[in-house]
Amino acid sequence: MTRRSLLIGGGASAAAAAVAACRSDSGKGASKATRRTATTAPRPTTTTTTTAEGTSIPPPSDGPDRVLADGEHFADGFVVPAGQTWAFADGAHVTSAHNVVVEGTLVVHQPDPSRTMRLTFVDVDESAFVGEDTHEVLDSDVGLWMVNEGRLDVRGAPKTSWTRLTAPAPLGASEIVVEDATGWRAGDEVAITATAGRAAEGYQGQSDRAVVTSVSGNRIGLQQPLAYEHPLVDGRWNAEVINLTRSVVIEGTPEHKAHIMYLHQGMHASQSYRASSISHLEVAHLGPNRRNDRDEPSSVVGRYALHWHHGQQTSDGVVVEGVVAHDCGAHAFVPHSSNGITFRDCASHATLGDPYWWDPGDASDYVTYDRCIASHVLADGTNRYKTNGFFAARSNTARSCAMRNCVAAGVHGPDSAGYFWDNGSLGVWAFEDCVAHNIETNGLRVWQNTSVVHVIARFTAYNCATGISHGAYANPYKYHGATVHDCGTGLIVTAV
């Protein structure tokens, strides 16, 4: 038996076990027709798998309708039909040069941390993207689309998403010690946030990346010596360390970025439909962009790395846990007019534009960022003067949305901020125990005119040009227990 047939046969049984666990909430129902500008992909005509010898293996009766095998390539993309469940084989790497449209359920479970399931979009033409709002799958905007009652069910192997150093890390170090390296393995890639003081040139950009060569408890060996020093600040703040590797990966390629979108399911799915939670997923090289008239990389509006687009009630109860986004050309985590999503222990590194974002003008309620981190955030030419780690967007129910125990580190841009409240996105957030450091401009920035009371509890800013910048004209914010250290200006108040 060849290696390929072994993968298919073993993958089918593993996928069947994974699917059996999620079938009870698969949400199958009458699916509406997916509207497209053109045919997105031909529908598969068979649900059996064929080995290299030509032997047909039907799916098990309690398993998936189709198993996607290692090495499969879809030049025209594929559609998971409504009412069907497709699953990745154990360790499968699948590639697509066109849209993947999920009307049924796509299962990607890889509990074995030594193996990787991977969906890679290849040869994507970023210049062809249309972007903006749409109710249709666009042939030009290549990515992974969940439509009608389509469901993406992702579960990677659990690991600590991010932690902190236990001591300063000097320039040239090839070993670091962290607080918690649970689940980390040799071969993982890590990022270490910048903690250099403002006297250092380019202090906001002095983050490091390295491949892990060894893990002994919480002691981590590194393949590449550190290019920067990561000092302890004021005897109490060490650099954060993010693990960028997961056992499930959805990605584009560096010059051919795709996207993930849950498309208007609040309108097109039934009232009872709910999207699946996602855990321990790596998204990389997603979020297309192109050069603007100043030759700056600029994101495509509406096409982001991981985007719930008008999910409304269908996202209620979704938990996005341990997900990491890196090297993305647009916003990483976008709950846009989508209620009830909790982002827990998520991380972004080297993202263009605000990693935690909302499209202005639309509200979402009961969205929580719990212990999430935004690191090395690059200025987006689409909105070049406002680049932020976290964008505190509009909500209709006061204090239904929350940021707790989050970190913004290394945000670039002439009017950047770790956290930003904009006048066009009014909403009262619960905001507690968050940190901003090594921000080019503001640790926290408010630019609102409102009569409602916001409470900023136990905020910490260090190594920023300005710790807190508060405006614009009239707003009754209250700051309780704030700490500001080594900022050019501690507090600027332009409100009355």
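Only a predicted model underlies this, so the values are computations on that prediction, with no experimental measurement involved.

Caption draft 1: View of the pattern of salt bridges. The tally for this structure, following the rule as stated, stands at 23 salt bridges. Residue Arg219 pairs with Glu175 through a salt bridge whose shortest N-O separation is 2.9 Å. Note that Arg219 is positioned in strand β17 (residues 219–222) and Glu175 in strand β14 (residues 175–177), a separation of 44 residues in sequence. Since its relative accessible area comes to 42%, Arg219 is described here as partly exposed. Residue Glu175 is classed as partly exposed on the basis of its relative accessible area of 42%. Residue Arg291 pairs with Asp295 through a salt bridge whose shortest N-O separation is 3.2 Å.

Caption draft 2: Examining the environment of Leu106 more closely. Looking at where Leu106 falls in the secondary structure, it is placed in strand β9 (residues 105–110). Relative accessible area serves as the criterion here: at 1%, Leu106 is assigned to the buried category. Each C-alpha atom of the pair Leu106 and Arg151 lies 6.3 Å from the other, and the pair is 45 residues apart in sequence. Non-local contacts of Leu106, meaning those with residues more than four positions away in its chain, are made with Leu68, Val80, Trp86, Phe88, Leu144, Arg151, Leu152 and Asp153.

Caption draft 3: Fine view of the sheet that holds strand β29 (residues 342–344). Taken together, 12 strands build an open sheet; the order of strands is β3-β6-β9-β12-β21-β26-β29-β31-β34-β37-β39-β41 and the sheet is parallel. Each edge of the open sheet is held by one strand with a lone partner, namely β3 (66–68) and β41 (477–480).

Caption draft 4: Highlighting the nonpolar core. In this structure, Leu106, Leu144, Phe343, Tyr369, Phe390, Tyr419 and Trp421 are the most contacted members of the largest nonpolar core, which totals 88 residues. Grouped together as the second largest cluster of nonpolar side chains are 16 residues, Leu165, Ala169, Val190 and Leu222 included.

Caption draft 5: Structural context of the side chain of Asn438. By the secondary structure assignment, Asn438 is in strand β38 (residues 435–448). Engagement of the side chain of Asn438 in a polar contact is seen with the side chain of His437, the distance being 2.9 Å.

Caption draft 6: Quick peek at unusual backbone geometry. The linkage connecting Gly471 with the following residue, Ala472, adopts the cis geometry, with an omega of 15 degrees. Residue placement: Ala472 occurs in strand β40 (residues 460–472). The phi torsion at His285 lies on the positive side, around 55 degrees, for a residue other than glycine. Within the secondary structure layout, His285 lies in the loop between β22 (281–284) and β23 (289–291). The phi dihedral of Arg371 is positive, around 55 degrees, even though this residue is not glycine. Here Arg371 shows up in the loop between β31 (368–370) and β32 (373–378). Given a relative accessible area of 29%, Arg371 falls into the partly exposed group.

Caption draft 7: Region of the structure containing the layout of surface pockets. By volume, the largest pocket is sized at about 250 Å³. Every residue lining the largest pocket is counted, 17 residues in all, and those nearest its centre are Pro113, Thr116, Asp188, Thr245 and Arg246. Of the residues contributing to the lining of the largest pocket, the split by class is 4 nonpolar, 6 polar and 7 charged.

Caption draft 8: Spotlight on the packing of aromatic side chains. Per the stated rule, a full pass over the model turns up 22 aromatic pairs. A ring pair is formed by Phe333 and Phe343, whose centres lie 5.8 Å apart and whose planes are at 65 degrees; its orientation type is edge-to-face. You can see Phe333 sitting in strand β28 (residues 333–338) and its partner Phe343 sitting in strand β29, a full 10 residues away along the chain. Phe333 gets classed as buried once you look at its relative accessible area, which sits at 0%. Looking at Arg371, its charged tip hangs above the ring of Trp162, at a distance of 3.9 Å from the centre.

Caption draft 9: Structural context of the sheet that holds strand β15 (residues 189–192). Taken in spatial order, the 6 strands line up as β13-β18-β15-β16-β17-β14 in an open sheet, and their pairing is antiparallel. Edge positions in the sheet fall to β13 (162–164) and β14, since each has one partner strand and no second. Shown here is a sheet whose adjacent strand axes are inclined to one another by a mean of 35 degrees, direction ignored. Strand direction decides the pairing type here: β15 and strand β18 (residues 240–243), joined by 3 bridges, are antiparallel. Counted as the bridge partner of Ala191 is Ile242 from β18.

Rules used in this analysis
Residues numbered from 1 in each chain as written. Predicted model: local features only at pLDDT ≥ 70, side-chain atom pairs only at ≥ 80, totals over all residues. Heavy atoms only, no water. Salt bridge = Lys/Arg side-chain N within 4 Å of Asp/Glu carboxyl O. Helix = DSSP H or I, 4+ residues; strand = E, 2+ residues; numbered from the N terminus. Buried < 20%, exposed > 50% of the residue type's maximum accessible area, 1.4 Å probe, protein only. Contact = heavy atoms within 4.5 Å. Pairing = 2+ DSSP bridges. Core = buried A, V, L, I, M, F, W, Y, C linked by side-chain atoms within 4.5 Å. Polar contact = N/O pair within 3.5 Å; in protein donor to acceptor, adjacent residues only side chain to side chain. 1 Å grid on protein atoms, 1.4 Å probe; cavity = no way out; pocket = protein on both sides within 12 Å on 5 of 7 lines; lining within 4 Å. Points joined across faces, edges and corners; volume = space filled by probe spheres on them. Nonpolar A, V, L, I, M, F, W, Y, C, P; charged D, E, K, R; others polar. Phe/Tyr/Trp six-rings, centres within 6.5 Å; stacked < 30°, edge-to-face > 60°. Lys NZ or Arg CZ within 6 Å of the ring centre and 35° of its normal. Axes fitted to C-alpha atoms, helices over the stretch in contact; angles between N-to-C directions.

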